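Given next are the chains, with one letter for each unit.
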Amino acid sequence: MKPLQLLGIAGLLLLVSIADIQGASFQSPLSGQFVEVTGVVTAVDRYGAWIQDERSDDPRVSSGLRLYGTLAAKQTKVGELVTVSGRVAEYRSKDNDLFLTELDYLSSLTTMSTGNTVEPLVLGVDRTPPRNQLSSLDGGRDGWLSLPNNVTLLESVNSTLRPEEFGLDFWESLEGQLVTVPLPTAANFPDWFGSVWVYGDWPVSGKNEHGGLTILSGSDTPPPAHPEAILIGRPLDGTHNPKVAMGMKLTNITGVVTYQFGNYYILPLTAPEILDLPNADVQPSTLDTSVHACQLRIGDYNVENMGPHSHHIPRIAAHIADYLHTPDIVFVQEIEDDSGSRNNGVVSANRTLKALADAIKKASGGVHYEFADVEPEDNKDGGIPGGNIRVAYLWRPERVSLLPAVRGSATAATQAMADEEGNVELSYNPGRINPLHSAWEEARKPLAAAWQTASGERFYTVNVHFSSKRDSSSAQGDARPPVNGHAERRLSQANVTAVSVVVPVIVIVAGDMNEYLVTRAVLGPLESLLHDANVVAGVPPAERYTYAYDQHAQEIDHVFVSGAIAGRAGSAWMGSARAVEVEHVHVNTWAAHIGERASDHDPTVVRLWVCDPKTPKTGECS
């Protein structure tokens, strides 16, 4: 229907419906126009109100609208049918936000009747969020994780919505509407502001056994971005959202759809309550023994800014002792120097590592670990200023030993060399990989180490901690594909690390890579050279996670093994067992609340064979 024109205070007013204002695209076709519109008030906050008209037959067009201004905030009540005049505006608080269509410069508001009701749209029944992709503009093999980033601005394109296919289009088509999320499940802990990511009683992708949504890997299709999850913001009645954790079941949530702080939200009319708790009883790893000197257990753990006096040392030690069963070698990341986060020029971490080793000995009843790292240059490896975080190794000397060599320095590059029999030596042991390369500017340098088993077999390892995703844009923002902060640097780091690997020998590359395996444009250099231990071990794709952020359970800590390990099978010792076994121990992502975590990462334990046994089986190695 063509809008009617009326003469009002602001000049010529268009008499329109909410559907006319919202239109079928991201931005209103009436943006900047002064209009008069009628609708039932569904919610009120201190900044304004929301009104809704009869539901549109066009799924692309929302029937809800935000009214911004004190006139709406002070002179409306839920259930009133109001006629209001003002300007159609597209608002965003930051450049990368999407626009929120609203009515501002309110000039008049008339209550036509009271006691009206609006039935909320029931998600999963009336409309179901699409799975997998956020936007048609996220081109490339890796979808929303494709490189290069920020190729297109969604609001500049302002395309017609395709809500059945893409998540941003779906939530935009409901902007301002009253909706209900039936049987919501929390996907993660609350954020700093108490907002909670949930999904309702509808199909989702990557659901893991604990109720989280895992970014799936192992497919030729773009990885899912989980647009079927939605943020639940601050309740409009002043109540508070519960302190949730992954997998918690909540009561139904009814609220209005809006866009703020870089994401689509539902602002609930009142806070939900917790209905059911997931089982938070984390089981220790079953990979608790080794049957031969050739079979080793490797642990990997980002211990989150650990200094010599960190309060979480005993808990990390208990995890290593009780849940990982004191692996033969432990790769650790984020070890701070001996003064912790004080910015005083100290770079040694001997006290920090000794504190951790002593705590593990106490927690385990006597298991002794030796340790090694290479001191960085002061404030050259990123992280908290003065913390000088680095990667390091702990190992059990009765099971493995470092090959004798000179220990490297902050700027000395170690070189891997293999003899005719495939044995490896390092020019510095342990030593840093190409530490002066530009890839490692303000980043942790990888630490390579050459080892010998108790039976004399050799192998080597690389412990990594790639650059963080700092400076990423919101996945639901204007930039398409979203900015994956420092992805190009991580690609360079993966390349430098891959070049250092001597393929024919036995090598294990592990650590915090700050990237998903499905971001193939970044981790491709390692994946093309080595084997993902999860794949070799047959870990179900939905259970491959060590971290939770936003609505995603994700694996950013990885273990890669060379073909000499991945292809090792058929030994009488191994029977039908896999050459590699992997377990991610969810002591932190399954915590009852965020304050119970010892680290923001989960540890991983891997059991593998680094050589072929040459003697009969004589018993287990604990």
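Residues numbered from 1 in each chain as written. Predicted model: local features only at pLDDT ≥ 70, side-chain atom pairs only at ≥ 80, totals over all residues. Heavy atoms only, no water.

Caption draft 1: Examining the overall build of the protein more closely. Per the secondary structure count, the protein includes 10 helices and 35 strands. For a compact globule of 622 residues, the expected C-alpha radius of gyration is about 25 Å, and the protein comes in at 28 Å, within 12% of that figure. Over its C-alpha atoms, taken along the principal directions, the protein stretches across nearly 95 × 50 × 45 Å. When burial is assessed residue by residue, the protein has 58% of its 622 residues classed as buried. When contacts within the protein are restricted to residue pairs at least 6 apart in sequence, those whose partners lie at least 24 apart make up 72%. Summed over its atoms, the accessible surface of the protein is roughly 24300 Å², and 51% of this surface lies on carbon and sulfur atoms. With 47 positive and 74 negative side-chain charges, the protein shows a spacing of 4 Å between the two charge centroids. (Helix = DSSP H or I, 4+ residues; strand = E, 2+ residues; numbered from the N terminus. Rg over C-alpha atoms; globule rule 2.2 N^0.38 Å. Buried < 20%, exposed > 50% of the residue type's maximum accessible area, 1.4 Å probe, protein only. Contact = heavy atoms within 4.5 Å. Areas by Shrake-Rupley, 256 points an atom, 1.4 Å probe, with all protein chains shown as cover. Lys, Arg positive; Asp, Glu negative; His and termini not counted. Charge placed at Lys NZ, Arg CZ, Asp CG, Glu CD.)

Caption draft 2: Molecular detail of the packing of helix 5 (residues 313–323) against helix 6 (residues 350–364). Close contact between helix 5 and helix 6 brings their axes to 8 Å; oriented N to C, the two are set at 55 degrees. Classified by the angle between their axes, helix 5 and helix 6 sit oblique to one another. Crossing hand, helix 5 versus helix 6: right-handed. On the side of helix 5, the interface is formed by Ile 313, Ile 316, Ala 317, Ala 318, Ile 320, Ala 321 and Asp 322, while helix 6 contributes Ala 355, Leu 356, Ala 359, Ile 360, Ala 363 and Ser 364. Of the residues assigned to the contact of helix 5 with helix 6, the class counts are 11 nonpolar, one polar and one charged. (Axes fitted to C-alpha atoms, helices over the stretch in contact; angles between N-to-C directions. Parallel < 35°, antiparallel > 145°, perpendicular 65-115°, else oblique. Left-handed = near helix turned anticlockwise from the far one by under 90°. Nonpolar A, V, L, I, M, F, W, Y, C, P; charged D, E, K, R; others polar.)

Caption draft 3: Here's a closer look at the sheet that holds strand 18 (residues 295–306). Pairing is mixed across the open sheet formed by six strands, whose spatial order is 20-21-19-18-35-34. Of all the strands in the sheet, the pair left with one neighbour each is strand 20 (370–372) and strand 34 (580–584). Between one strand and the next, the sheet's axes are offset by a mean angle of 20 degrees, whatever the strand orientation. Judged from the six bridges that link them, strand 18 and strand 19 (residues 329–335) form a sheet pairing that is parallel. Directly across from Asp 300, in strand 19, lies its bridge partner Phe 331. In the packing of helix 5 onto the sheet, the strands contacted are strand 18 and strand 19, and the crossing angle to strand 18 comes to about 165 degrees. (Pairing = 2+ DSSP bridges.)

Caption draft 4: Main features of the pattern of salt bridges. Under the definition given, this model contains 19 salt bridges. Put simply, Asp 478 and Arg 92 hold a salt bridge, and the shortest N to O gap is 3.1 Å. Pair noted here: Asp 478 is in the loop between strand 27 (458–465) and strand 28 (479–480) and Arg 92 is in the loop between strand 6 (81–91) and strand 7 (100–113), with a separation of 386 residues, a long-range link. The class of Asp 478 is buried, set by a relative accessible area of 3%. Note that Asp 381 and Lys 445 form a salt bridge whose closest N and O atoms lie 2.7 Å from each other. Of this pair, Asp 381 sits in the loop between strand 20 and strand 21 (390–395) while Lys 445 sits in the loop between strand 25 (431–432) and strand 26 (447–453), placing them 64 residues apart in sequence. For the pair shown, Asp 381 and Lys 445 are each scored as buried. (Salt bridge = Lys/Arg side-chain N within 4 Å of Asp/Glu carboxyl O.)

Caption draft 5: Structural detail: the nonpolar core. Formed by 51 residues in total, the largest nonpolar core has its most connected members in Leu 123, Trp 171, Leu 174, Tyr 264 and Ile 266. Sorting the residues of this core by element identifies helix 4 (167–172), strand 10 (178–181), strand 12 (196–199), strand 13 (230–232), strand 15 (253–260) and strand 16 (263–268) as the ones contributing at least two each. The next biggest cluster of nonpolar side chains, apart from the first, holds 35 residues, and it includes Val 374, Val 400, Val 580 and Cys 611. (Core = buried A, V, L, I, M, F, W, Y, C linked by side-chain atoms within 4.5 Å.)

Caption draft 6: Structural detail: the pairing of strand 6. Counting buried positions over the 11 residues of strand 6 gives eight, a clear majority of the element. Where strand 3 (residues 34–45) lies against strand 6, seven bridges are found, and the strand directions are antiparallel. Paired with Val 35 across the two strands is Gly 86, which belongs to strand 6. Judged from the 10 bridges that link them, strand 6 and strand 7 form a sheet pairing that is antiparallel. The residue of strand 7 that forms the bridge with Thr 83 is Thr 110.

Caption draft 7: Main features of the pairing of strand 5 (residues 64–68). Within strand 5, four of the five residues are buried, which leaves the element mostly enclosed by the surrounding structure. The pairing of strand 5 with strand 7 spans two bridges and is classified as parallel. Bridge pairing in strand 7 links Leu 67 to Leu 103.

Caption draft 8: Helix 8 (residues 520–527), seen in detail. In terms of residue burial, helix 8 counts as a mostly covered element, since six of its eight residues are buried. Every buried residue of helix 8 is accounted for by Arg 520, Val 522, Leu 523, Gly 524, Pro 525 and Leu 526. Of the surrounding elements, those touching the buried residues of helix 8 are helix 7 (487–500) and strand 33 (557–561).

Caption draft 9: Looking closely at the environment of Ser 528. The topology assignment puts Ser 528 in the loop between helix 8 and strand 30 (531–532). According to the relative accessible area criterion, Ser 528 is exposed, its value standing at 63%. Considered as a pair, Ser 528 and Ala 498 are 30 residues apart in the sequence and their alpha carbons are 9.2 Å apart. A polar contact is formed between the side chain of Ser 528 and the backbone oxygen of Pro 525, at a distance of 3.1 Å. (Polar contact = N/O pair within 3.5 Å; in protein donor to acceptor, adjacent residues only side chain to side chain.)

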